[in-house]
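What follows is the residue order along each chain.
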Amino acid sequence: MRDASTAARPQDREQHAERLLRASAKHSHDPLTEIDWNAPVDPEHFALPAHRVSLHGTPLWHSLGPQQRARLSVDQFASTTSAGIWFELILMEGLVRHVYASDLTTRHAQYALTEVADECRHSTMFARYISTVGYPSARPSRRAERLGRLHFLVNDTAMTFAGAIFVEEFTDAMQREMIRDDDLQPLARAVARIHVIEEARHIGYAKPELERRWARMSAPRRAVFRRGLAVLAQQSVAEIVHPRVYARAGLDPAAAQRAAHLNPYWRDARVDWARKAVAFFTELGIIDRSVEPMWRRAALLAPR
């Protein structure tokens with residue numbers, strides 16, 4: 001288990017933020033000008049690798065034609081970007097609260113504002129992708145919206161950083177697969193490329209902050225935190241495939257959700273994409289035996 005007591009000293013924190021600010025100055029992107037939003041979208045192109053679509057390999061998948069399968073992958077990625085907007089709004093609110101309680105003359109606080117600017121561009125980029133491919137909504141499910149409002153009320157900055165690590169590592173793994181696959185939709189790969197480049201900095205900012213806050217938590221607070229993060233991770237992953245994705249494919253959403261839940265390919269995808277975040281949380285002691293069953297039920301840990 002990692003010794004969280006080694007969390008960064010103030011001078012280390014400032015030096016780390018300075019490096020992130022320099023990287024942001026060199027490697028920030030404007031998706032509204034750098035992505036060709038007017039290029040035609042080929043209906044035969046998958047947005048995600050076929051084996052990473054939630055219904056891949058199921059009887060429902062085999063009932064669909066090639067273009068329907070491609071469309072399902074596009075809608076699944078659009079649904080994922082919609083969930084991304086939901087979480088990035090939560091993250092931005094948490095970062096602004098973090099800055100409000102900080103000294104804005106520090107590089108650490110200034111990087112937090114830089115990250116907010118990144119997330120504003122990402123949310124705009126995701127919304128533009130959703131409208132470009134014809135997906136009908138950028139709104140989260142009602143359950144996710146309620147969870148987001150609860151997070152606003154609780155105002156738990158440590159949970160904001162932990163959630164950011166989980167969501168960003170999960171989507172980073174997914175989108176790196178997309179970038180490597182030249183056969184996928186160019187528009188989706190362009191969106192993934194920008195997100196991967198910039199989110200690497202965000203993960204690097206969140207990890208030492210979570211370590212620092214975790215080191216200061218009492219044992220009872222840690223127990224509550226472990227369960228809260230498991231719930232947040234579970235809902236974040238559930239949100240990436242909204243039931244409307246299946247309805248748009250002409251499938252019964254309830255039946256499709258059951259098929260996806262039982263689909264070993266989809267379980268493997270989620271376990272693979274969550275692997276780095278789970279390893280980090282396990283090393284820190286946030287995931288332990290008391291909450292492992294929650295992570296396994298969410299298909300974020302491989303079955304025993």
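The rules behind these values
Residues numbered from 1 in each chain as written. Predicted model: local features only at pLDDT ≥ 70, side-chain atom pairs only at ≥ 80, totals over all residues. Heavy atoms only, no water. Salt bridge = Lys/Arg side-chain N within 4 Å of Asp/Glu carboxyl O. Helix = DSSP H or I, 4+ residues; strand = E, 2+ residues; numbered from the N terminus. Buried < 20%, exposed > 50% of the residue type's maximum accessible area, 1.4 Å probe, protein only. pLDDT = per-residue confidence, 0-100. Contact = heavy atoms within 4.5 Å. 1 Å grid on protein atoms, 1.4 Å probe; cavity = no way out; pocket = protein on both sides within 12 Å on 5 of 7 lines; lining within 4 Å. Points joined across faces, edges and corners; volume = space filled by probe spheres on them. Nonpolar A, V, L, I, M, F, W, Y, C, P; charged D, E, K, R; others polar. Axes fitted to C-alpha atoms, helices over the stretch in contact; angles between N-to-C directions. Parallel < 35°, antiparallel > 145°, perpendicular 65-115°, else oblique. Left-handed = near helix turned anticlockwise from the far one by under 90°.

*Asks:* For the pattern of salt bridges, give the residues involved together with the corresponding values.
*Replies:* Within this structure, the stated rule accounts for 23 salt bridges. For Glu-93, the salt bridge goes to Arg-97, with nearest N and O atoms at 2.2 Å. Remark: Arg-97 and Glu-93 occur in helix α4 (residues 66–100); sequence separation between them is 4 residues, near one turn of the helix. Glu-93 sits in the partly exposed class, given a relative accessible area of 21%. Judged by its relative accessible area of 35%, Arg-97 falls in the partly exposed class. Residue Arg-212 is joined to Glu-209 by a salt bridge in which the shortest nitrogen-to-oxygen separation is 2.9 Å. Of this pair, Arg-212 and Glu-209 both sit in helix α8 (residues 186–215), 3 residues apart, which is roughly one turn of that helix.

*Asks:* Now, about the confidence of the model for the protein: what can you tell me, with residues and values included?
*Replies:* This prediction gives the protein a mean pLDDT of 93; 97% of its residues lie at or above 70. Of all secondary-structure elements in the protein, the lowest mean pLDDT belongs to helix α6 (residues 142–154), at 83, while helix α3 (residues 59–62) reaches the highest, 98. A low-confidence stretch, residues 3–7 stays under pLDDT 50, and its non-local contacts, those more than four residues away or across chains, total 7 contacts.

*Asks:* With reference to specific residues and values, describe the layout of surface pockets.
*Replies:* Considering only enclosed or pocket space, the largest pocket measures out at about 550 Å³ in volume. As for the largest pocket, its lining consists of 20 residues, and the residues nearest its centre are Val-237, Ala-238, Glu-239, Gln-257 and Arg-270. The set of elements that each furnish at least two residues to the lining of the largest pocket consists of α9 (219–239), α11 (253–262) and α12 (264–284). Ranked by residues supplied to the lining of the largest pocket, first place goes to α9 with 5 residues. Taken together, the residues of the lining of the largest pocket sort by class into 9 nonpolar, 6 polar and 5 charged.

*Asks:* Give me the lowdown on the packing of helix α7 (residues 157–180) against α12, citing residues and values where you can.
*Replies:* Contact geometry for α7 and α12: axes closest at 8 Å, N-to-C directions at 140°. When the axis of α7 is compared with that of α12, the two are oblique. Crossing hand, α7 versus α12: right-handed. Taking contact as the criterion, the partners of Ala-162, Ile-165, Phe-166, Glu-169, Phe-170, Ala-173, Met-174 and Glu-177 in α7 are, on α12, Arg-270, Trp-273, Ala-274, Lys-276, Ala-277, Phe-280 and Phe-281. The residue makeup of the contact of α7 with α12, split by class, is 11 nonpolar, no polar and 4 charged.

*Asks:* I'd love a proper account of the environment of Ala-144, names of residues and values included.
*Replies:* Relative to the helices and strands, Ala-144 resides in helix α6. When near neighbours in sequence (up to four residues on either side) are disregarded, Ala-144 contacts Trp-86, Gln-235 and Glu-239.

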